[in-house]
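An overview of the molecular structure
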Amino acid sequence: MHLERRVLVTGGAGFLGSHLCEKLLERGVQVLCVDNFFTGARRNIEHLLSHKHFELLRHDVTHPLFVEVDEIYNLACPASPFHYQRDPVQTTKTNVIGAIHMLGLAKRVKAKILQASTSEIYGDPSVHPQNEGYWGNVNPIGLRSCYDEGKRCAETLFFDYRRQHNLQIKVARIFNTYGPRTHPNDGRVVSSFIVQALLNRDLTVFGAGEQTRSFCYVDDLVDGFLRLMDTPSDVTGPINLGNPGEFTIAELAREIIALTGSRSKIICGPLPPDDPKQRQPDISKASEILRWAPKIPLQEGLRRTIPYFERLLAYGVISAAISV
Ligand code: NAD
Ligand code: UDP
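Read on for a plain summary of the structure. (Residues numbered from 1 in each chain as written. Chains lettered and ligands numbered in written order. Predicted model: local features only at pLDDT ≥ 70, side-chain atom pairs only at ≥ 80, totals over all residues. Heavy atoms only, no water.)

**Examining the packing of helix H6 (residues 189-198) against helix H8 (residues 249-260)**
The geometry of H6 relative to H8 is characterised by a closest axis approach of 9 Å and an angle of 40° between their N-to-C directions. In terms of orientation, H6 lies oblique with respect to H8. Classified by chirality, the crossing of H8 by H6 is right-handed. Counted together, Val189, Val190, Phe193, Ile194, Ala197 and Leu198 of H6 and Ile249, Leu252, Ala253, Ile256 and Thr260 of H8 form the full contact between these two elements. For the contact of H6 with H8, the class distribution of residues is 10 nonpolar, 1 polar and no charged. (Axes fitted to C-alpha atoms, helices over the stretch in contact; angles between N-to-C directions. Helix = DSSP H or I, 4+ residues; strand = E, 2+ residues; numbered from the N terminus. Parallel < 35°, antiparallel > 145°, perpendicular 65-115°, else oblique. Left-handed = near helix turned anticlockwise from the far one by under 90°. Contact = heavy atoms within 4.5 Å. Nonpolar A, V, L, I, M, F, W, Y, C, P; charged D, E, K, R; others polar.)

As C-alpha cells, this is what we get:
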C-alpha cells in the first residue's frame, strides 16, 4: 500500500477499531478514524493522535459523511448487549442508516467497503459449528433483535449495493473477540470476569454456565480483517472470523480465577433472554480463501489482556465501586 491511500475506520475509537487503526498506520496508510464515542474512548487512540497519518473526526454515522477515501472499514456499533440494549432504537439506526450512509459514501468515491458483521446473524443456532451457509435462528422482536436484525439488514444492504451498484464489498462475521481496550464496564463476559476477579468479587455466571462461546484474541481478528480487505473483488464473504476453540462460560470463569490468582467465587444468576446456548465458528472458508487461522490460544490471550485491566484499576479508570 502507498501513503496516499486513505482508509476510513468507523467506530475507530472502540475496542476493535483502535487496534485496526494501529495496524493500518503500521502499514503506512492514512487513517481517518470516525467515532461518536458512544462506547469508544479517547484513551484507546490517544497514542495515535500525534501520528502524522492519523486523523480523528467526531461524527455519528447515522448522519451523512462526505470525505474522500479509498477503503472503508465499517465498525461503528456498540458490540456489548449491555450497551446496545441501552438505546435499542439508536442501535438499529446505527446498523441500518449507518450502513446506508457508508455504502453511499463507498459508491460515490468508489471505495472498497468492509462490514463488521457478527455471529449474532446465526442467533441461537441449530447448526453447530456455524458455517456461512446457515441462515440463523433469530428472534425478530426480542431484546437482542436491535443488534441481530440490524446487522442482518446491514448485510442485506451490502449485498444489494453489490448487485445494484457493483460495489466492492467484504462482509466479516466476527465471533466473540476479546483483548486490551475492551470497555471495562460493558458487561461482556471476558472483561466482566477479569475485573471481578481482580477485585476479588464473585464472578457472575449467567445461567448454569453451560452455554458455550469461542473467544478470539484481537490481534488474530484484525489480521483477518486486513486479509479480507486485500482479497480480489470477487471475494465478498460473508466469511466467519473467530477462534474455533469452544469453552463453556463456567470454564472461562475458572480459567480467569486461576490466571489472576483471585479469591473470587463463582455465583450463578438468571440467564438473559435469547442468550445463545452455543457458538463456534466453522472457519474453513477463512482458512481456504484468506489463508487465515487464529494463532493465540485462550490462555495466552487472557494473559495478555489481564495486565490492561490491572492498569485501569491502578489508574482509577475503573473504580472499585463500580458494579460489574
Ligand atoms: P466497541 O463498542 O468497543 O466499538 C464500537 C465503536 O463504534 C465505539 O467506539 C462507538 O463509540 C462507535 N459507535 C457506536 N455507534 C456509533 C455511531 N452511530 N456513529 C459513530 N460511531 C459509533 O465494540 P467492538 O467490540 O470494537 O466492535 C466493533 C464492531 O465489531 C461492531 O460493529 C461490532 O458489532 C462488531 N463485532 C464485535 C464483536 C466482538 O466480540 N468484539 C463480535 C461481533 C461483531
Ligand atoms: N455472561 C455471564 N456473565 C457475565 C456476562 C456474560 O455469564 O457477567 C454470559 C452471557 O450470558 C453469554 C456469554 O457470557 O452467555 C457471553 O456474553 P457476552 O455478553 O460477552 O457476549 P454474547 O452473548 O453477545 O456472545
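**Section: the site of ligand 1**
Taken together, 30 residues are adjacent to ligand 1, and Asp35, Thr39, Tyr147, Lys151 and Thr177 come closest. Between an oxygen atom of ligand 1 and a main-chain N or O atom of Phe15, the distance comes to 2.9 Å. In isolation ligand 1 has 820 Å² of accessible area, and contact with the protein removes 97% of it. Examining the composition of the shell around ligand 1, we find that 3 residues originate from one element, strand S5 (residues 112-118), more than from any other. Tallied by class, the residues present in the shell around ligand 1 amount to 14 nonpolar, 12 polar and 4 charged. (Near = heavy atom within 4 Å. Polar contact = N/O pair within 3.5 Å; in protein donor to acceptor, adjacent residues only side chain to side chain. Areas by Shrake-Rupley, 256 points an atom, 1.4 Å probe, with all protein chains shown as cover.)

**Section: the packing of H6 against helix H10 (residues 298-314)**
It is the contact of H6 with H10, at a shortest axis distance of 10 Å, that shows an interaxial angle of 60°. Between H6 and H10, the angle is such that the two are oblique. In the crossing of H6 with H10, the sense of the turn from one axis to the other is right-handed. Along its contact with H6, which presents Val190, Ser191, Ile194, Val195 and Leu198, the element H10 presents Leu302, Thr305, Ile306, Phe309, Glu310 and Leu313. Residues of the contact of H6 with H10, tallied by class, amount to 8 nonpolar, 2 polar and 1 charged.

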